[in-house]
Amino acid sequence: MNVQLQGIEAIDGTYPFDLRVSVRTMRINKFLWSMTTKPENRPQFLADPEGCFERAGLTEQERDLIRKRDWQGMIHYGVNFFVMEKIARLDGIPNAVIYAGMRAESLEDFLKTRNVPEAR
Amino acid sequence: MNVQLQGIEAIDGTYPFDLRVSVRTMRINKFLWSMTTKPENRPQFLADPEGCFERAGLTEQERDLIRKRDWQGMIHYGVNFFVMEKIARLDGIPNAVIYAGMRAESLEDFLKTRNVPEAR
Amino acid sequence: MARVVGGIGTSHVPTIGVAYDRGKQDDPAWKPLFDGYRPVARWLAEKKPDVLVFFYNDHATSFFFDFYPTFAIGVSPSFAIADEGAGPRNLPPLKGHSELAIHITESLVNDEFDMTVFQDRPLDHGCNSPLSLMWPHDPDWPGAIVPIAINVLQFPLPTARRCFKLGQAVRRAVDSFPDDISVAFVGTGGLSHQVHGERTGFNDTDWDMRFLELIEKDPAQLCEMRHADYIRRGGAEGLEEIMWLAMRGALAPKITKVHQNYYLPFTTAMTVAVFEEQEAGTPPAAGRNAEAVS
Amino acid sequence: MARVVGGIGTSHVPTIGVAYDRGKQDDPAWKPLFDGYRPVARWLAEKKPDVLVFFYNDHATSFFFDFYPTFAIGVSPSFAIADEGAGPRNLPPLKGHSELAIHITESLVNDEFDMTVFQDRPLDHGCNSPLSLMWPHDPDWPGAIVPIAINVLQFPLPTARRCFKLGQAVRRAVDSFPDDISVAFVGTGGLSHQVHGERTGFNDTDWDMRFLELIEKDPAQLCEMRHADYIRRGGAEGLEEIMWLAMRGALAPKITKVHQNYYLPFTTAMTVAVFEEQEAGTPPAAGRNAEAVS
Ligand SMILES: [Fe+3]
Ligand SMILES: [Fe+3]
């Protein structure tokens, strides 16, 4: 147990991305990272996601999380937030939609919680 | 000046690979590294070195050092030894030939300086 | 000898850069943010630092978890602007300062900081989003940067105290650089925000104000805090605040805040603050391996 | 709690692996080398460590200078054998020990060692050449390794003292690992050799013998030496010897050498030595940030 994170379990709705998570989810994180940060891979990912999943050997659960852009599910599974948000970038989806998704709220409801909803 | 290397200039025939050298020679080192350690790049390097030089934008001096397998020249220029020896591996050239080359000796003369020349 | 002109703490939210690029300087939703950066730009125009030593973090853009450094320093003469999925921002490449960066690296490694050294890696919004509001860049940037990346993504992260000590060690290196150049330190990230999990949207302005007070007057208290404390007080991603401690460690024990702006419109408490040293040239610690804060 | 069975210092010359793969065990040119590893293999077969913590260096194989770490630790459950240009050696992939490696990383980072963490990177001859002579591996390796890479290629390198302190900190981490496993520490590299420049072929057996004496009985003297001293005494690439100091730092202050072999046929003084602790379980240093050698 990392002493710097002692007490973290008492903080709800928070999932520290530590090395245990990182080792377990290396495959899906590497897949998303290489499909989104490498411009040369983006067209094939957008055109044929299923083929890319297959070649990367992702599990059915992993494929489904990506297919559905299930933001909350990805975070629970252990996808790193900064890796995840880059697929949204490719889709032209703003982060506000991801934020609402992770809270399992509608975008409209989430925006109501913000001081200046226009500043997104 | 790195205090750990104080006095190094008094040691002849020795070229510390430091960050000043590394920044200056990044292009040729990266070229050799990616052509020799990435198996997918090896065939094109062996088949068309000139085309690879051109695409990598190497200087004429850099190309010539590689063409001639000028081991001593490469070390003087700032190619890292461990990057350099991997081209020799592709050529099937043993390290003993590189060692002799860096000393500007014939292989035969170099071997005479070793205790057990067969153990190479 | 290099001279230190002061330090800047700033958020590095990507939307700042996007709003800037879309010309939202007078949009009511963004004006309070942009107005807050004008005095910073004026301060930089006046102090004219040749180099900004930039404590920032990469966001799984140029660094991936298959090879992840605790501290990394960039020694290239130039750094591209990263493409984070929507294409790179239309900014000139950032100029590096190889000589200073190499001098700092040699000093840090000999001082028992285990740096990773990078070349040819694009810099993402952790660097470029606040920079574009503070430094004019048409047709080119007025100076160079030395980027120092801190791991705030994959636990274990460096402790708050270690970040402070890194700043102290960087200052010792800058003080011993022989050329006559001027340097400012920039710490980026925060303040309170969380952008993952059901706790997304968390903020705490009381904590933000307390943090701004402590970073100026009592960084020792911030060095004592554990990562879990930062997450509780400022949100999981608010933990980026430890990068301000590196900037703080590089400054003299006594500093004065000459500017501050705070604006919390959406998910991140967007903040910028400028600090000057009360006694110019005071080194931040007596010797090597000195304790973080006495 | 993890138990420590001892330590091994060994050269990692690539030709050792090549000669092994070609079955030169009885070739007169190689027999003195292979015979010297038999007692090491017997010692390992007897002590049966579950994990070898392996201080080694990569040779611009898996790590390149565009992103170069001072210290890096591998946390993957498995590591491929690297292809260094002539195809990978016919060895099974090395097994990692993720749980121990992660525990060590968390302990090291909290102890102010700024580790880079790697996953999915093949290991080169720095690891696999001596290992194949010491550990049976048909059909598979008898245990796992935790690879810890030390920069000995691109200056600035970590100081000799910092390597020793790394070993001490790794020992503290191993001592606090909750599972009942046994561990040996391996330091690789050296002894005297130089394989670049006109000084290629340099050796000094007097220095090698002195080094072997000091590593056992007075590592403090080795910690004082600068990189230039190592280069002068043992050749530019002999400087790899600082990796033995990490192994030494992980062992108790008093150790006994139970085996040694030395053979200098070509360019590198090929050496292997096995050490046991005189008082089992003695921690190498009282507390965190303790001085290297008192
Ligand atoms: Fe950030
Ligand atoms: Fe080596």
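Residues numbered from 1 in each chain as written. Chains lettered and ligands numbered in written order. Predicted model: local features only at pLDDT ≥ 70, side-chain atom pairs only at ≥ 80, totals over all residues. Heavy atoms only, no water.

**Observations concerning the environment of Val195(D)**
Along the chain, the position of Val195(D) falls in the loop between strand S9 (182-188) and helix H6 (205-217). Separated by 73 residues in the primary sequence, Val195(D) and Thr268(D) place their C-alpha atoms 8.8 Å from one another. With residues up to four places along the chain from it excluded, the contact list for Val195(D) reads Phe81(B), Tyr99(B), Met102(B), Thr200(D), Glu237(D) and Thr267(D). (Helix = DSSP H or I, 4+ residues; strand = E, 2+ residues; numbered from the N terminus. Contact = heavy atoms within 4.5 Å.)

**Considerations on helix H5 (residues 160-175) of chain D**
Count 3.6 residues to each turn of an α-helix, and residues three or four apart come out pointing the same way. For H5(D), with 16 residues, the first-to-last C-alpha span of 23 Å sits near the 22 Å given by 1.5 Å per residue. Across the 16 residues of H5(D), 16 count as buried, placing the element largely inside the fold. (Expected span 1.5 Å × (residues − 1). Buried < 20%, exposed > 50% of the residue type's maximum accessible area, 1.4 Å probe, protein only.)

**Observations regarding the coordination of the iron ion (ligand 1)**
All names here are of chain C. The iron ion (ligand 1) binds to the protein through His12 (NE2), His59 (NE2) and Glu240 (OE), with metal-donor distances spanning 1.7 to 2.2 Å. Read in sequence order, the donor residues coordinating the iron ion (ligand 1) give the pattern H-x46-H-x180-E. Residue His12 is found in the loop between strand S1 (3-10) and helix H1 (14-21), and its partner Glu240 is found in the loop between helix H8 (227-234) and helix H9 (242-249); the two are separated by 228 residues along the sequence. Pair check on accessibility: His12 and Glu240 agree, each one buried. (Donors = N, O, S within 2.8 Å, 3.2 Å for Na, K, Ca; no water.)

**Re the interface of chain C and chain A**
Facing the 41 residues of chain C at the interface are 48 residues of chain A. A combined buried area of about 3900 Å² lies between chain C and chain A, and 62% of that area is made up of carbon and sulfur atoms. Area buried by chain C at its contact with chain A is led by Phe64(C), Glu198(C) and Phe266(C), which between them contribute 19% of it. The interface formed by chain C and chain A includes one salt bridge. For Arg42(A), the salt bridge goes to Asp83(C), with nearest N and O atoms at 3.0 Å. At the boundary of chain C and chain A, one finds 25 residue pairs in polar contact (both at pLDDT 80 or more). No other element matches the four residues that H8(C) contributes to the side of chain C that touches chain A. When grouped by side-chain class, the residues that make up the side of chain C that touches chain A number 19 nonpolar, 14 polar and eight charged. (Buried area = accessible area lost by both parts, 1.4 Å probe. Salt bridge = Lys/Arg side-chain N within 4 Å of Asp/Glu carboxyl O. Polar contact = N/O pair within 3.5 Å; in protein donor to acceptor, adjacent residues only side chain to side chain. Nonpolar A, V, L, I, M, F, W, Y, C, P; charged D, E, K, R; others polar.)

**So, the interface of chain D and chain C**
In this complex, chain D contributes 29 residues to the contact, which on the side of chain C involves 29 residues. Across the interface of chain D and chain C, roughly 2600 Å² is buried in total on both sides, 49% from carbon and sulfur atoms. For the chain D face of the interface with chain C, the top three residues by lost area are Phe67(D), Glu112(D) and Asp114(D), together amounting to 29%. Linking chain D with chain C are eight salt bridges.

**Observations regarding the pairing of strand S10 (residues 255-263) of chain C**
Residue and element names in this part refer to chain C. One ladder, built from eight bridges, connects S10 with strand S11 (residues 270-277); its direction is antiparallel. Along S11, the bridge assignment pairs Gln260 with Ala273. Where S10 folds back onto S11 in an antiparallel hairpin, the turn is made up of six residues. (Pairing = 2+ DSSP bridges.)

**Thoughts on the sheet that holds S10(C)**
What the nine strands build is an open sheet, ordered S10(C)-S11(C)-S1(C)-S9(C)-S2(C)-S8(C)-S4(C)-S7(C)-S3(D); its pairing is mixed. One side of each edge strand has no neighbouring strand; the edge strands of this open sheet are S10 of chain C together with strand S3 (67-69) of chain D. Across the sheet, the mean angle separating the axes of adjacent strands is 20° when strand polarity is ignored. Contacts from helix H6 (residues 205-217) of chain C reach S10 and S11 of chain C within the one sheet, and its direction differs from that of S10(C) by about 160°. Strands S1, strand S2 (51-56), strand S8 (144-150), strand S9 (182-188), S10 and S11 of chain C of the sheet are contacted by H9(C), whose axis makes an angle of about 160° with S9(C). (Axes fitted to C-alpha atoms, helices over the stretch in contact; angles between N-to-C directions.)

**Some remarks on the confidence of the model for chain C**
Residue and element names in this part refer to chain C. Mean pLDDT for chain C: 94, with 95% of residues reaching 70 or above. Of the regions scoring below 50 in pLDDT, residues 286-294 engages in 21 contacts with residues more than four places distant in sequence or in other chains. Predicted complex, confidence summary: ipTM 0.96, pTM 0.96. (pLDDT = per-residue confidence, 0-100.)

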